[in-house]
Structures are given as structure tokens and as C-alpha cells.
Amino acid sequence: MNAVLPLTRTCPFAPPAEHVRLQETEPVAWVTLPTGEQVWALTRIDDIRTMLTDPRFSADRTHPGFPHLAPGRRAMAGSLKRMMVSMDPPEHGRARGAVVGEFTVRRTAALRPRIQQIVDERIDALAAGPRPADLVPALSLPVPSLVICEVLGVPYADHAFFQRSTEALLRRTTPPEERQVSLGGLHAYLQELVARKAAEPGDDLLSRQLDGGADRQDVVSLAMLLLIAGHETTANMISLGVMMLLRHPDQLAAIRDDPGRTPRAVEELLRYFTIGEFSLSRVAVGDVEIGGKLIRAGEGVVVLSNAANRDPAAFADGDRFDVGRDARHHVAFGFGAHQCLGQNLARAELQIVLDTLFRRLPGLRLAAPVDELPFKDDANIYGLYELPVTWTVP
Amino acid sequence: MTRIVADATRCVGAGQCVLTDPATFDQDGASGVVVLLRAAVSDEGLALARAAEYLCPGRALSLVE
């Protein structure tokens, strides 16, 4: 058996060295996961785009060949069965088609004033509070949480419960039993919420889904997916984005002087950190040749997307952080039919947070050395547990 | 002029085309599916349309010379 593929970053600013080595020497490689399962690992953008748009690769997490990265994940895959992330065509197209209209570019743009208001309120509270402060609970977590809960119609009073539950679900070291408890708790809450929406519809996504005739259990699954996917991911990108720009004052100055540059900076941050590094796994349901290797039906495929987002064929000098580059062809949101449903919402939140925070607190700086920051080495979604910052009062 | 073909059955509503080239692409308000605002682009508009074609996650767009 070959050596076990490392899944943990040893440096916050680079993919694992072994992933880079595979990209250079064996871009479609047969590897062993820490669970002992053997799967294919893809590291080049072109191969990944091909694989993720080929219907002979399935997203069905209950398929015995689907790669799972942590023990216990396979056992809980059954509960994901009804979720869009685990569906294939034609079921997936129907499920996504029923909700994607909620996340169009225009609908997301219409949410911008409300997002701006949420961000302004959080920064008011931060600025009025003591220094130093931890940016994670002050800004990174509440902003996406408030935004997605507003979209779905989840009462803010229930947010603390959501943050606890999603964090436990996503942390790689959470024991399987605890993960099941968190998943069950979230599911029970959403059952109750959807029942309330059915009885008393509001002006929100869940109510519109029910009004459109969606099955109640499907609405519960959708709510679960959107809450988990829309919450911790954006939060981690906010923390990492602020940290990275504070480390690069010249690049920070460039976007502060001209907010027209912020959209590119956000794409570069998404590319550079690729926080959902292992979320693009598939299982082959037919024999397919990718990059000159034959992948047989039943075999699993993992995408090492952090390395892929520095593929020299797609990004010149990919290890360099450069807010001026055009990085939009990254696969940080995935590719193919499952590409992130909320990507435009995430973009809007990140752009607004970065523009507003650095404008409002121009004297913002890190209150701890970067090498002492608690990076989420143990989580499936990369990020920061804490981000101590301080600032000079203007 | 280069003709643009959009396959609505492959569109996944991600909106990448609208972000890239809003003069050529829009999305249906209810379904999120791509709507072509023009059937063809001139040479000046070709670079943006090509970028949209490449970024489309559903590979729903094609440019026909």
C-alpha cells in the first residue's frame, strides 16, 4: 500500500507539500486516505473541470465507493441522502432549479443594502468595545449568520445554537457520537421551524419553497444545507481575508484607495486559501479516462483543490498573493452542476465586510503574531478559531 | 460577429456569465437560467464572452464562429 496522503496543512499559506508534489509528478494519483480507503487524487485544474462536469462521476455520499475523509463520516452519510450536495441528475437539477432563483446575481445585489446595514451594526459594536478584540465572534461569525438566517427566515435568537452545532459538525476531531448529536439537534430544530413556516408563512426562502409546493422534508434538508454551507464558510473567509490583508499593507492600501478593486481581491482570497479544500469528492459510476489514467466504476476521487488553485497551468506564480490578478477561474466554489449555490451571496458579504472594515477602522492591526494564531488545522473547512485585532482610534 | 449558444438544460444558475459579461448575459428571475441579451458578439466583445464560456460551471455556453 502507498503512503497515507496527508490532509492537514503545515503552513496556513500553502497547500500540503505532498499535494504539490503529486501535481508536479502524478496529477492523477492512486492514494491512501487516513481512513485506509484508496482513492484517486486530482490536482490539476483541467482534469478537475473535466471530472466535475462528467455525468459518470456521482456525488452520492451513500455510494460504497464515495470517499469519506474521517471515520464516522460514512455512517452519517445516510442523513445527507436528501441533500442537494449528495444528489445526481436528474434529481439534482430539479432540486437546484427550485431554489437557484433565490441566489441570482440580481437577487443577491438586492440584498446588498441589508448586508451593509448588518456589517455597519457589527462594526459599530466592535468600535465601541474594548481593545484588543477577537474579530471572529465580533464580525466573522455574526455577519454571514445574520445574512443567511435573514434569507431563510430563522430567528436571530436561535443563532448561538446554530454556531455551536455547525462548528461541531465541521471539526474533523469531533467524535462520531457527538457529530450525530449535533446533526440530530439541528435537524429537529429545522423540522420545527419549517412546520411553523407552513402554518404562518413569512417573506423568506423557506416559506416560498413551501408555497411552491415543495415537500416539507425536502425543505428541511435544503434549510440544513444552506445554514451549514452559508455560515461557517463565509465566516472563515472573513477572518482569513482580514488577516491576510493586514499582513500585506500595500495590497490593503490598493483596495482601500479604490473599492473597485475589491471584487478581484475577494476572488484572490478565495483562491489563495481554498477553505473547502476536500469538498469536491466523487465516485465513478462508469469507467472514465482522466489525465491518461483509467478510473473504474466504483472507485472514489478526491480533489486536492488547494493545490489545484495554484496549478501553474492556470495561475502564474500561484504561491504569490496578488489582489490585482484575475483569479476568477479558481475552483474554490467547485465546478460543475454542484458549484456553490450561495457564491454570489458570499462574494457580496466579503466585499462589503472588507471595504467597510478597513474604511471604518483604518488603524486596524493584528494583536498577535501570525504564527501564534489558532488556525483550523483540524476542521474540514479551513479558517481561524480566533483573530485578535486592535486599532488606533481615529 | 460570433454567435453565442446557451444550452438551458445544462445551465446551473451560478450567474458566472452575468458577473463576467452583463451586456450579453442575464438570468431568468424565477429559475436563474441564463438569458441571452444578444445572439452574437462583435470582435470587441469576444474576450468577455469567451471568459464567460470558460467560467460557466455547467458548460452551457458555446461560441460559434
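Everything quoted here is computed from the prediction, not taken from an experiment.

*Asks:* Which parts of the structure should I look at to understand the overall build of chain A?
*Replies:* Of regular secondary structure, chain A possesses 16 helices and ten strands. Dimensions of chain A, computed from the C-alpha atoms along their principal axes, are close to 60 × 55 × 40 Å. Within chain A, the proportion of its 394 residues that are buried is 44%. Across chain A, contacts joining residues at least 24 apart in sequence account for 72% of those joining residues at least 6 apart.

*Asks:* Sorry, what's going on with the overall build of chain B here?
*Replies:* For chain B, the helix and strand inventory stands at two helices and five strands. Taken from the N to the C terminus, the helices and strands of chain B come in the order β-α-β-β-β-α-β. Computed over the C-alpha atoms, the radius of gyration of chain B is 10 Å, within 12% of the 11 Å expected from 2.2 N^0.38 for a compact globule of 65 residues. Considered along the principal axes of its C-alpha atoms, chain B spans approximately 30 × 20 × 15 Å.

*Asks:* Would you mind showing me how to read the pairing of strand β1 (residues 2-6) of chain B here?
*Replies:* Within a regular strand, side chains alternate between the sheet's two faces. Note: β1(B) against strand β4 (residues 40-41) of chain B, two bridges, orientation antiparallel. Across the sheet, the residue bridging to Thr2(B) is Val41(B), located in β4(B).

*Asks:* Teacher, can you tell me more about the environment of Gln217(A) here?
*Replies:* Relative to the assigned elements, Gln217(A) resides in helix α12 (residues 216-247). Taking the C-alpha atoms as reference, Gln217(A) lies 40 Å from Arg310(A); in sequence the two are 93 residues apart.

*Asks:* Explain the nonpolar core here, please?
*Replies:* Nonpolar side chains in soluble globular proteins tend to end up buried together. Judged by nonpolar contacts, the single largest core of 104 residues is most densely connected at Ala41(A), Leu152(A) and Ala223(A). With near-sequence residues (within four places) excluded, Ala41(A) lies in contact with Leu5(A), Leu22(A), Ala29(A), Val31(A), Val302(A) and Leu304(A). Ala337(A), Phe25(B), Val41(B) and Leu61(B) belong to the second largest nonpolar core, which has 18 residues in total.

*Asks:* I tried to follow the sheet that holds strand β10 (residues 388-391) of chain A on my own but got confused; where do I start?
*Replies:* Paired through backbone hydrogen bonds, the strands of a sheet run either parallel or antiparallel to each other. The strand order across the open sheet built from three strands is β4-β10-β9 (chain A), with neighbouring strands paired in antiparallel fashion. One side of each edge strand has no neighbouring strand; the edge strands of this open sheet are β4 (133-134) and β9 (364-366) of chain A.

*Asks:* Hey, could you run me through the interface of chain B and chain A in this one?
*Replies:* One frequently used descriptor of interface size is the decrease in accessible area upon assembly of the parts. Across the contact, 16 residues belong to chain B and 16 residues belong to chain A. Within the residue set of the side of chain B that touches chain A, elements represented by two or more residues are α1 (16-20) and α2 (46-55) of chain B. Grouping the constituent residues of the side of chain B that touches chain A by class yields eight nonpolar, seven polar and one charged.

*Asks:* Quick question: what am I supposed to make of helix α14 (residues 262-273) of chain A here?
*Replies:* Given 3.6 residues per helical turn, the α-helix brings residues three or four places apart onto the same face. Residues and elements named next belong to chain A. A rise of 1.5 Å per residue sets the reference length of α14, with its twelve residues, at 16 Å; its end C-alpha atoms lie 16 Å apart and thus fit the reference within 8%. With ten of its twelve residues buried, α14 lies for the most part within the structure. Turning to α14, its buried residues are Thr262, Ala265, Val266, Glu267, Glu268, Leu269, Leu270, Arg271, Tyr272 and Phe273. Against α12, α13 (249-257) and α16 (343-360) lie the buried residues of α14. Following α14 by one or two positions, Thr274 has its phi on the positive side, about 35 degrees.

*Asks:* Please explain unusual backbone geometry as it appears in this structure.
*Replies:* Excluding glycine, a negative phi dihedral is what most residues carry, and trans is how most peptide bonds are arranged. The omega angle of the peptide bond from Pro89(A) to Pro90(A) is 0 degrees, so this bond is cis rather than trans. For Pro90(A), the position within the fold is in the loop between α3 (73-76) and α4 (91-97). A positive phi angle is found at Asp317(A), which is not glycine, with a value near 50 degrees. Position of Asp317(A) relative to the elements: it lies in the loop between α15 (305-308) and α16. Residue Asp317(A) is classed as exposed on the basis of its C-beta count, with 9 C-beta atoms lying within 10 Å. The phi torsion at Arg59(B) lies on the positive side, around 50 degrees, for a residue other than glycine.

*Asks:* So what exactly am I meant to see when it comes to the sheet that holds β1(B) here?
*Replies:* All names here are of chain B. Read across the open sheet, the three strands follow the order β4-β1-β5; overall the sheet is antiparallel. Taken across any chain shown, the strands that pair with only one partner, and hence form the sheet edges, are β4 and β5 (61-64). Most of the contacts of α2 go to β5, to which it runs at about 145 degrees, and overall it touches β1, β4 and β5.

*Asks:* I would appreciate a short explanation of the confidence of the model for chain B in the present structure.
*Replies:* If pLDDT is low for a region, its predicted coordinates should not be looked at in detail. Looking at chain B, the pLDDT average stands at 96 and 100% of residues meet or exceed 70. As scored by the predictor, the complex reaches a pTM of 0.94 and an ipTM of 0.97.

*Asks:* Mind showing me how you'd approach the pairing of strand β2 (residues 38-42) of chain A here?
*Replies:* All names here are of chain A. Most of β2 sits inside the fold, with four of its five residues counted as buried. Pairing of strand β1 (residues 28-32) with β2, which is carried by five bridges, proceeds in the antiparallel orientation. Residue pairing for β2: Val28 is matched across the bridge by Leu42. Linking two consecutive strands that pair antiparallel, namely β1 and β2, is a turn of five residues; a positive phi of about 95 degrees is found at Gly36 within it. Two strands pair when backbone bridges link them, and β2 and strand β8 (residues 300-303) are joined in this way by three bridges, in the parallel orientation. Bridge assignment links Ala41 to a residue of β8, and that residue is Val302.

*Asks:* Would you take a moment to explain the packing of α12(A) against α14(A) for this structure?
*Replies:* How two helices sit against one another is set out by the angle between their axes and by the gap between those axes. All names here are of chain A. Between α12 and α14, the shortest axis-to-axis distance is 10 Å and the interhelical angle comes to 105 degrees. By the angle between their axes, α12 is roughly perpendicular relative to α14. Residues Met237, Leu240, Gly241 and Met244 of α12 touch α14, and the partners they reach there are Leu269, Leu270 and Phe273. Its residues placed into classes, the contact of α12 with α14 shows six nonpolar, one polar and no charged.

*Asks:* Honestly, the environment of Gly32(B) in this entry has me stumped. Any pointers?
*Replies:* Along the polypeptide, Gly32(B) turns up in the loop between β2 (25-27) and β3 (34-36). Judged by the 26 C-beta atoms lying within 10 Å of it, Gly32(B) falls in the buried class. Setting aside anything within four residues of it in sequence, one finds Gly32(B) in contact with Val100(A), Gly101(A), Thr104(A), Gly13(B) and Gln27(B).

*Asks:* Mind showing me how you'd approach the packing of helix α8 (residues 142-152) of chain A against α16(A) here?
*Replies:* Residues and elements named next belong to chain A. It is at 11 Å that the axes of α8 and α16 come closest, and there the two elements cross at 140 degrees. As far as their axial angle goes, α16 and α8 are oblique. The handedness of the crossing between α8 and α16 comes out as right-handed. In this structure, α8 uses Val143, Pro144 and Val147 to contact α16, whose residues at the interface are Leu345, Glu349 and Val353. Classifying every residue of the contact of α8 with α16 by side-chain character gives five nonpolar, no polar and one charged.

What counts and how
Residues numbered from 1 in each chain as written. Chains lettered and ligands numbered in written order. Predicted model: local features only at pLDDT ≥ 70, side-chain atom pairs only at ≥ 80, totals over all residues. Helix = DSSP H or I, 4+ residues; strand = E, 2+ residues; numbered from the N terminus. Buried ≥ 20, exposed ≤ 12 C-beta atoms within 10 Å, placed from the backbone. Contact = placed C-beta atoms within 7 Å. Rg over C-alpha atoms; globule rule 2.2 N^0.38 Å. Pairing = 2+ DSSP bridges. Core = buried A, V, L, I, M, F, W, Y, C linked by C-beta atoms within 7 Å. Nonpolar A, V, L, I, M, F, W, Y, C, P; charged D, E, K, R; others polar. Expected span 1.5 Å × (residues − 1). Axes fitted to C-alpha atoms, helices over the stretch in contact; angles between N-to-C directions. pLDDT = per-residue confidence, 0-100. Parallel < 35°, antiparallel > 145°, perpendicular 65-115°, else oblique. Left-handed = near helix turned anticlockwise from the far one by under 90°.

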